[in-house]
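A look at the structure
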Amino acid sequence: MARWKDTRPAHQQIAARIRAEIMAGRLEPGSKLPSTQQLMDEYGVVGTTVQKALNLLKAEGIAVGRPGKGVFVREQPNHIIEPASSMPPSAPGAPYWWTRHAAARAKRGTTRILEVAEIPAPKDIAEVLGLPEDGAVVARKRIMLLDDEPAELVHSYYPADLARGTRLTDRRRIPGGSPTLLAELGFPPREFTDRVSVRPPTAEEFVALELPGEVPVLRTFRVVRSDHGRPIEATVMVKAGHLYELEYRLPVT
């Protein structure tokens, strides 16, 4: 069997191994991690190296220290998000999908609007929305929160000719969310394409999501289309990579 040489510092390697066990569910929420001595023996390192590894995990919020008792896996497991659940328009009077998603996990989901403006479309956005190079979009930037903690940074873009004069240009929450409004405007979401990647955070993402130093982000680039394949929305959603998982359920044809 091939052996891979990991060139990271020992404490990062130890943290990575423990993190992987937690995210895979092999170390269950609330369970106690091995003691410092056990980890020293297992990895052949000194106590300060183990403590640096555990401090990384505690800084990330996936492990919690309890004085006199040890270090434990956080009680709350990873948040699993079904991307497709955000697409259907909400029923009249129904809460926004983020609110429903949070409530299902005994949490409070809220949204904070950071910015709404008409801007020249960034090149990648213009391309997927079928706009000319000098085309304009209405951009909406917001933070999704769970129990007042930042969970996701979202940048959404709409063709300006579709969005002008609608609530998409208001710096206020849209009742039922954008899928509901788009459907009301005669552009019901019919399909979406997600492109998912992992990378280090930008400065904006690092600050907005209150990330610890070593955590990558999970980036989803979504394009939404309406009837006849017309693109009506492009959205970039960024989450902390160690706290969230995406779950897709697709029919096999």
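This write-up is about the structure you can find in this document. (Residues numbered from 1 in each chain as written. Predicted model: local features only at pLDDT ≥ 70, side-chain atom pairs only at ≥ 80, totals over all residues. Heavy atoms only, no water.)

1. Quick look at the packing of aromatic side chains
- Throughout the structure, instances matching the rule amount to two aromatic pairs.
- With centroids separated by 6.3 Å and ring planes inclined at 70°, the aromatic side chains of Tyr96 and Trp97 adopt a geometry described as edge-to-face. Trp97 shares its class with Tyr96; the two are buried.
- Note on Trp97 and Trp98: the rings are 5.6 Å apart at their centroids and 80° apart in plane angle, and the pair reads as edge-to-face.
- Residue Trp98 is classed as buried on the basis of its relative accessible area, which comes to 1%.
- Ring pairing ties together the aromatic residues Tyr96, Trp97 and Trp98, which thus form one cluster.
- Over the aromatic face of Phe72 sits the side chain of Arg66, whose NZ or CZ is 4.1 Å from the ring centroid. (Phe/Tyr/Trp six-rings, centres within 6.5 Å; stacked < 30°, edge-to-face > 60°. Buried < 20%, exposed > 50% of the residue type's maximum accessible area, 1.4 Å probe, protein only. Lys NZ or Arg CZ within 6 Å of the ring centre and 35° of its normal.)

2. Digging into the nonpolar core
- Membership of the largest hydrophobic core comes to 18 residues, with the highest contact counts inside it found for Ile125, Leu129, Val137, Tyr157 and Leu209.
- When contributions to this core are tallied by element, the ones reaching two or more residues are helix 5 (123–129), strand 5 (136–146), strand 6 (149–159), strand 8 (217–225) and strand 9 (231–240). (Core = buried A, V, L, I, M, F, W, Y, C linked by side-chain atoms within 4.5 Å. Helix = DSSP H or I, 4+ residues; strand = E, 2+ residues; numbered from the N terminus.)

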